[in-house]
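# A structural walkthrough
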Amino acid sequence: TNAFGTFNITYVATDGINPDTTRVRIVKVGEFPVVTINGDNPYTLERYDPYDDEGLTVDANSSVTSTTSSVNNTAVGTYTVNYTVSNPVFTTFHTRIVDVVDTTPPVVTILGDNPYTLERYDVYTDPGATGDLGTIVTTDLSNVQNTSIGTFDVVYNATDGNTAHDVAVTRTVNVVDTVPPVITIVG
């Protein structure tokens, strides 16, 4: 009982007629690993942020023998990081819960000028807009017109899958007429 380890006690039963019967009892002398999960548990992770696991702290006689993770930082949900800790006598299992959340609306960047100047009768070619990671941006060009002096809006709708965070940003297009008419004399 004063040595750390796993020991066997062997029992032999005999009746003098039949073969002896032997049974073995396993006795573990020691303590379970002392484990502290570092950092928050449960841990909250914003979607698309990198996950850096803070790991465990274990006593001097123990070590982390395996770590498995189901964390997917691209999808909202609850995930686990599982740790196996062993010493010469005992093995224990520990779990960190990781909640991936989406609390940040998409960020949309309008490319090119805003406001945009378009000469009357010129073809409008939209420079577009981009969204941050995981954002889908669609363009609404239904207000485009190039025949009247004035303004129209191009609307960019962005979603990252969380409809509570859908974003719409607008480019203003100013239709101007700065080119005088051209007269061609025929004949």
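Everything here concerns the structure above.
Predicted, not measured: the structure shown is a model, and the values here were computed from it. (Residues numbered from 1 in each chain as written. Predicted model: local features only at pLDDT ≥ 70, side-chain atom pairs only at ≥ 80, totals over all residues. Heavy atoms only, no water.)

## A look at the overall build of the protein
The cut-off we apply is this: Helix and strand assignments follow DSSP, with helices taken as H or I runs no shorter than four residues and strands as E runs no shorter than two, numbered in order from the N terminus. Residue exposure (1.4 Å probe, protein chains only): buried if accessible area is under 20% of the type maximum, exposed if over 50%, otherwise partly exposed. Throughout, a residue-residue contact means that at least one pair of heavy atoms, one from each residue, lies within 4.5 Å. Every accessible area reported is derived by Shrake-Rupley at a probe size of 1.4 Å, with residue values counting cover from the shown protein chains alone.
Looking only at helices and strands, the protein has zero helices and 14 strands in total. Its C-alpha atoms give the protein principal-axis dimensions of roughly 135 × 35 × 30 Å. Among the 187 residues that make up the protein, the fraction classed as buried is 25%. Sequence separation of at least 24 residues holds for 50% of the intrachain contacts in the protein that already meet a minimum separation of 6. For the protein, the accessible surface area stands at approximately 12,000 Å², while carbon and sulfur atoms represent 53% of it.

## Here's the deal with the side chain of histidine 94
Formally: What qualifies as a polar contact is a pair of N or O atoms within 3.5 Å, subject to a donor-acceptor requirement within protein and to the restriction that residues adjacent in sequence count only when both atoms come from side chains.
Within the secondary structure, histidine 94 sits in strand β8 (residues 91–101). Here threonine 92 takes part through its side chain, which lies 2.8 Å from a polar atom of the side chain of histidine 94. Setting aside chain neighbours within four positions, we find histidine 94 in contact with Val35, Ile37, Val81, Asn82, Tyr83 and Val85.

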